[in-house]
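Each chain, written out:
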Amino acid sequence: MLRHILLSLALAASMPAYAADRIILVGDSTVASGGGYGDYLCRRQRPDTTCLNLAKNGRSSGSFRAEGRWDEVQALLRDGSGFRKTYVLMQFGHNDQPGKPGRSTDLVTEYPANMARYVADVKAAGGVPVIVTSLTRRSFRNGYVWNDLAPWATAARDVAQREGVAVLDLNALSLAAVQAMGPAEADTLAQAKGAGFDYTHLGPKGGRFFGDMAARELLRLFPALGPLTDPAETSRQAARERAPADGWAGEQGGTHGGAAASPANVHTVTTPAELRAAVAASADARIIQVRGTLDMADGAKVGVVRLPSNTTLIGLGEDAGFVNTSLVAGNVSQVIIRNLSISNPCDPEPKWDPQDGPHGNWNSLYDGITVTGSHHVWIDHNSFTDAPRTDGQSPKENGMLKQCHDGALDITSGSDFVTVSYNHFALHEKNTLVGSSDRATGDDGHLRVTFSNNFFDNVSARTPRVRFGQVHLFNNFHKGSRKHAEYAHEYSIGIAKQAHIIVDANAYDIEGASSCGDVMKNPGKSEPGAVLDRGSQLNGKPLAECAFSPDVGWSVPYAFTALPARDVQANIMTNAGAGRLGYLPYLRR
């Protein structure tokens, strides 16, 4: 617990001195990073407002304090002199319900007393307590939302009234909204869960929806916290950013994409035709801002969009992206791709190759993003996933899964000076090749690539698989299971022919993995390359006894700061993926 306290104090201390207010969120998984709305509420706050999401999965009003997590909040409150006000938002109820050993509390005696004690502690420390009623679940019975959290919401309101503090009545607001939208639309807010839905936790769309709702209500209660940040405006401001210096894309002049574009060459596109026109237009530099989701399909085929040199392609806001689309940076330079949600394209006609492997295999044609023969490329804050067409939906033919997905992101054919940062790769089999073939000896001396602060979320393999390149991996978070029904973990980093890999403080949370050989592997038949690992962890323990040569033959030429591996997950869960530009910059750089 002391480590968590020190980390949070360090984060708060690193904010600029002019920060006006601070918001601290405490609660359960419907608030926490990964399946809640809290991060989205934080992203709507002004840049000068510190917003810390300290909510944790599975916690109740009793267990949050019993585990010592409330001590962290109190430590922050004691260190609050640099802030005008500190608002502490407290939502508990889901895990206080009966049937949850070690967590549930009595609705009449324990729960109200717990909430009142939290209020008293915040007041005593000079903070502003805000009780938040529990976000509704989204299951329907006979056409109506089954609001099983109503008794806890009522109890929370009663505590707020007795203690004379503000109540953010999220239960009432979310109940009305879910009832109005109906079950079909409500399902789109959920996390996918097998063939059905998780009616409690939130996917990205649900997180945005309820995070915006809570942010608006908080502003109504406390107007001094306004105005709220517009995510689209954050993207517009980021459109002229250059690749940071802490990666290969920052070397040899750096990567600026379309930063020098004139106003006439800044395009906002909402249709496939507008995008194709923007790409084809004559310009020394261009910025293309994507609004909404574009389907670039060419009839039954996946649509291929080839990006020219000196181009920045960026999503506006939190819901921009592509389906049925393969983005290609081919034989170009100065390309930036940011803030896009990409559904990995599904080849409608994968080809069977009986010579591929001992039993043959299906091969597909299209990657989410392909970087080939190109240099100075920055790929940042994007989300990649096979969903909604996951592999489990494909039939088996010739005894093999008829795989319609190729790579999420491949970097090949002598590409150079590439940084891949703060992306979320999810639900995919073979994620990233750096170098496509043992025979591509011309790649030697190229393929200088950095992967930093990426989230590999139930990705089976190739995160990445490297041939020839000088590849630096730092502060990436790998989460998976060797028993996953569709995307069972095989390995994370592939150390293939003449790979020269340096790893700094990656974190691997892989169910069923027990040794370095489970996450680092030579996946081919050629002599493996070398890997130097410094400070990584596997399931919370130091990664040790890796059976590869550490003689990589190079050193990282740029300055970078790696968090300790133990703190990587919290950073990644908060910051990686589309829709998270401009959030907590003191963690990102």
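All figures in this text were calculated on a predicted structure; none of them were measured in a lab.

Draft legend 1. Here's a closer look at the nonpolar core. Core analysis: the largest hydrophobic core is formed by 56 residues, its most contacted members being Leu275 and Met520. Setting aside residues no more than four positions away along its own chain, methionine 520 makes contact with Ile493, Ile495, Val503, Tyr508, Val531, Asp533, Leu543, Cys546 and Phe548. Counting 30 residues, the second largest nonpolar core, distinct from the first, contains Tyr37, Val128, Ala214 and Phe222.

Draft legend 2. Broad picture of the state of the cysteines. One pass over the full model with this rule turns up three disulfides. Paired through a disulfide, cysteine 42 and cysteine 51 show a sulfur-sulfur distance of 2.1 Å. Measuring the twist about the S-S bond at about -65°, one finds the cysteine 42-cysteine 51 disulfide to be left-handed. We note that cysteine 42, like cysteine 51, is buried. For cysteine 516, the disulfide goes to cysteine 546, at an S-S distance of 2.0 Å. In this structure the cystine formed by cysteine 516 and cysteine 546 twists about its S-S bond by roughly 105°; its chirality is therefore right-handed. Linking cysteine 516 in helix H11 (residues 516-519) with cysteine 546 in the loop between strand S41 (541-542) and helix H12 (568-575), this pair joins segments that are 30 residues apart in sequence. If you count the bonded cysteines of the protein from the N-terminus, they pair up as 1-2, 3-4, 5-6.

Draft legend 3. A look at the confidence of the model for the protein. Looking at the protein, pLDDT values average 92 and 95% of them are 70 or higher. Confidence over residues 1-19 falls short of pLDDT 50; this stretch has 31 contacts with residues more than four positions distant or in other chains.

Draft legend 4. Seen up close, the packing of helix H5 (residues 110-124) against helix H6 (residues 150-163). Direction vectors running N to C along H5 and H6 enclose 40°, while the axes themselves pass 10 Å from each other. Between H5 and H6, the crossing angle belongs to the class labelled oblique. For the pair H5 and H6, the sense of crossing is right-handed. Side by side, H5 and H6 meet where Tyr111, Pro112, Met115, Ala116, Val119 and Lys123 of the first sit next to Trp152, Ala155, Ala156, Val159, Arg162 and Glu163 of the second. Along the lines of polarity and charge, the residues of the contact of H5 with H6 split into nine nonpolar, no polar and three charged.

Draft legend 5. Geometry of helix H9 (residues 231-238). Buried residues of H9: Ala232, Thr234, Ser235 and Ala238, and no others. Down the axis of H9, the buried set is contained in an arc of 155°. They therefore lie on one face. A distance of 3.0 Å separates the backbone nitrogen of alanine 232 from a side-chain oxygen at the start of H9, and that oxygen is part of aspartate 230.

Draft legend 6. Focus on the packing of aromatic side chains. Applying the stated criterion to the full structure yields 14 aromatic pairs. With a centroid separation of 6.0 Å and an interplanar angle of 80°, the aromatic rings of tryptophan 248 and tyrosine 558 are classed as edge-to-face. Taken as a pair, tryptophan 248 in the loop between H9 and strand S10 (266-269) and tyrosine 558 in the loop between S41 and H12 lie far apart in primary sequence, 310 residues in all. The class for tryptophan 248 is buried, based on a relative accessible area of 6%. Consider the rings of phenylalanine 384 and phenylalanine 425, whose centres lie 4.6 Å apart with planes at 15°: the pair is stacked. Of the two residues, phenylalanine 384 sits in strand S23 (residues 383-385) while phenylalanine 425 sits in strand S28 (residues 424-430), which places them 41 residues apart along the sequence. Neither phenylalanine 384 nor phenylalanine 425 differs from the other in exposure class; each is buried. Three or more aromatic residues link up through ring pairs in this structure, and these residues are Trp248, Phe417, Phe474, Trp554, Tyr558 and Phe560. In this arrangement the basic side chain of arginine 141 is found over the ring face of tryptophan 146, its NZ or CZ atom lying 3.6 Å from the centre.

Draft legend 7. Just unusual backbone geometry, in detail. Across the junction of alanine 387 and proline 388, the peptide omega takes the value 10°, indicating a cis bond. Here proline 388 lies in the loop between S23 and strand S24 (396-397). In this chain, threonine 463 is followed by proline 464 through a cis amide linkage whose omega measures -5°. Tracing the backbone shows proline 464 in the loop between strand S31 (455-461) and strand S32 (465-466). Even without glycine at this site, glutamine 334 takes up a positive phi of about 60°. Along the chain, the position of glutamine 334 falls in strand S17 (residues 333-338). Residue class for glutamine 334 comes out buried when judged on its relative accessible area of 10%.

The rules behind the values
- Residues numbered from 1 in each chain as written.
- Predicted model: local features only at pLDDT ≥ 70, side-chain atom pairs only at ≥ 80, totals over all residues.
- Heavy atoms only, no water.
- Core = buried A, V, L, I, M, F, W, Y, C linked by side-chain atoms within 4.5 Å.
- Buried < 20%, exposed > 50% of the residue type's maximum accessible area, 1.4 Å probe, protein only.
- Contact = heavy atoms within 4.5 Å.
- Disulfide = S-S within 2.5 Å.
- Helix = DSSP H or I, 4+ residues; strand = E, 2+ residues; numbered from the N terminus.
- pLDDT = per-residue confidence, 0-100.
- Axes fitted to C-alpha atoms, helices over the stretch in contact; angles between N-to-C directions.
- Parallel < 35°, antiparallel > 145°, perpendicular 65-115°, else oblique.
- Left-handed = near helix turned anticlockwise from the far one by under 90°.
- Nonpolar A, V, L, I, M, F, W, Y, C, P; charged D, E, K, R; others polar.
- Arc of directions from axis to C-beta.
- Polar contact = N/O pair within 3.5 Å; in protein donor to acceptor, adjacent residues only side chain to side chain.
- Phe/Tyr/Trp six-rings, centres within 6.5 Å; stacked < 30°, edge-to-face > 60°.
- Lys NZ or Arg CZ within 6 Å of the ring centre and 35° of its normal.

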